[in-house]
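Spelled out, the chains give:
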Amino acid sequence: MKIGIIGVGAIGSVLSKKLSANGHQVTVANSKGPETVPAEALAFGATAGTTKEAITDQDVLIISIPFTQINTIADTIKENIDARTIIIDTGNYYPVRDGNIQEIIDGQPESVWVSEKLGRPIVKAWNSVAAPVLKNNGYPQGMNERLAVPFAAEDENSVTVAKQLIEETGFDPFYVGGLQESYQFQPGQPSYSTSLKLNELEEAIKNAHSASEAASRREEFMATMTKLGWPDNINAMVNISRFINNK
């Protein structure tokens with residue numbers, strides 16, 4: 001597939017490497033121009049391009065940028081994207097970073113907000129996985145250590161493509177439902193940043209906090225992690241997430 005990726009931070013860079021290593025034609029862009037795309041993101045054959053090049057004539061567009069930057073890039077996406085292109089968003093709303101977005105604070109699922117800004121359905125995936133886990137804990141199918149990634153999508157083709165790409169990054173895909181159900185793996189939910197195997201993830205989704213509770217659970221998660229200084233140790237991060245999100 002031809003895949004564009006906007007954003008070369010911790011998540012976008014890893015996806016660029018893994019997906020290009022799986023034989024996809026990947027074009028990566030950031031806000032500062034192709035010459036500033038780090039070499040690591042291009043290590044397995046991806047090409048640095050402009051934002052327009054990453055959007056135009058792609059089978060899949062992956063958006064991996066700070067949440068509110070969707071507002072900045074929405075018009076460019078609308079003007080240049082093909083109708084056939086599947087958009088996958090990996091982002092999360094962090095109020096301490098992104099400020100108040102009243103619709104989301106009032107309970108709108110984050111992916112629905114993004115979909116409305118872009119004027120079309122999207123896929124939500126990889127947002128619940130900590131960046132070091134995405135980078136270091138992908139395993140071949142059949143290994144006991146293999147973890148799972150929840151995702152939401154609105155149509156059969158998007159579900160099929162998302163499953164394939166998640167599998168290629170070394171994780172078992174778990175389809176939660178349409179975008180209205182994506183609140184079940186937002187920050188603060190039992191499935192968020194908790195590094196679960198497929199059977200464990202299924203149980204976590206069943207035990208997700210209700211849609212009406214989702215916003216307050218996100219606030220509690222963010223406040224606790226901020227007070228702890230966002231631990232660098234991934235095991236500590238996962239254990240704290242499991243404790244907070246399952247209370």
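The coordinates are above.
My aim in this report is to walk through the structure given alongside it, one point at a time. (Residues numbered from 1 in each chain as written. Predicted model: local features only at pLDDT ≥ 70, side-chain atom pairs only at ≥ 80, totals over all residues. Heavy atoms only, no water.)

Examining empty space enclosed by the protein
Note the threshold: Cavity and pocket criteria rest on a 1 Å grid covering protein atoms alone: a 1.4 Å probe that fits but cannot get out defines a cavity, protein on both sides within 12 Å along at least 5 of 7 lines defines an open pocket, and an atom within 4 Å of a point defines a lining residue. Grid points are joined across faces, edges and corners, and a volume is the space filled by probe spheres set on the points.
Evaluated as defined, the whole model comprises 2 cavities of 30 Å³ or more. In this structure, the largest cavity occupies an estimated 90 Å³ of space. Taken together, 14 residues line the largest cavity, and the ones lying closest to its centre are Ser128, Val129, Ala148, Ser195 and Leu196. Approximately 40 Å³ is the volume found for the second largest cavity. Contributing to the lining of the second largest cavity are Ile104, Gly107, Gln108, Pro109, Tyr183, Gln186, Ala211, Ala214, Ala215 and Arg218.

Examining the pattern of salt bridges
Any two side chains of opposite charge can pair, given that their charged atoms come close. Filter applied, for reference: Definition used for salt bridges: Asp or Glu carboxyl oxygen within 4 Å of a side-chain nitrogen of Lys or Arg. Only protein chains enter the accessibility calculation, which uses a 1.4 Å probe; a residue is then buried when its area is under 20% of its type maximum, exposed when over 50%, and partly exposed in between.
A full pass over the atoms with the stated rule returns 11 salt bridges. The salt bridge partner of aspartate 82 is arginine 84, with a shortest N-O separation of 3.8 Å. Judged by relative accessible area, aspartate 82 falls into the partly exposed class, the value being 25%. Connected through shared salt-bridge partners, Lys2, Asp57, Asp59, Asp82 and Arg84 make up one network.

Side note on helix α8 (residues 156-168)
Counted only if it meets this: We count a stretch as a helix when DSSP gives it H or I for four or more residues in a row; a strand needs E for two or more, and each element gets its number in order from the N terminus. Multiplying one less than the number of residues by 1.5 Å gives the expected span of a helix. Between N or O atoms, a polar contact is any pair within 3.5 Å; within protein, one atom must be a potential hydrogen donor and the other a potential acceptor, and residues adjacent in sequence are included only when both atoms are from side chains.
An ideal rise of 1.5 Å per residue puts 18 Å on 13 residues; α8 measures up with 19 Å between its terminal C-alpha atoms. Listed in full, the buried residues belonging to α8 are Ser158, Val159, Val161, Ala162, Leu165 and Ile166. Where α8 starts, the residue carrying a side-chain oxygen 3.2 Å from the main-chain nitrogen of asparagine 157 turns out to be aspartate 155.

Things to note about the sheet that holds strand β3 (residues 47-48)
Test applied: At least two DSSP bridges between two strands are required for those strands to pair. Whether two residues touch is decided by their heavy atoms; if any such pair falls within 4.5 Å, the residues are in contact. Each axis is a line fitted through C-alpha atoms, and for a helix only the stretch in contact is used; angles between axes span 0 to 180 degrees, taken between their N-to-C directions.
Read across the open sheet, the 8 strands follow the order β3-β2-β1-β4-β5-β6-β7-β8; overall the sheet is mixed. The open sheet has two free edges, formed respectively by β3 and β8 (172-177), since each of these has just one partner strand. Note that strand β4 (residues 60-63) and strand β5 (residues 86-89) share 4 bridges and pair parallel. In the strand pairing of β5, leucine 61 is matched with isoleucine 87. Across the sheet, helix α9 (residues 198-206) is in contact with β7 (148-152) and β8; its angle to β8 comes to roughly 15 degrees.

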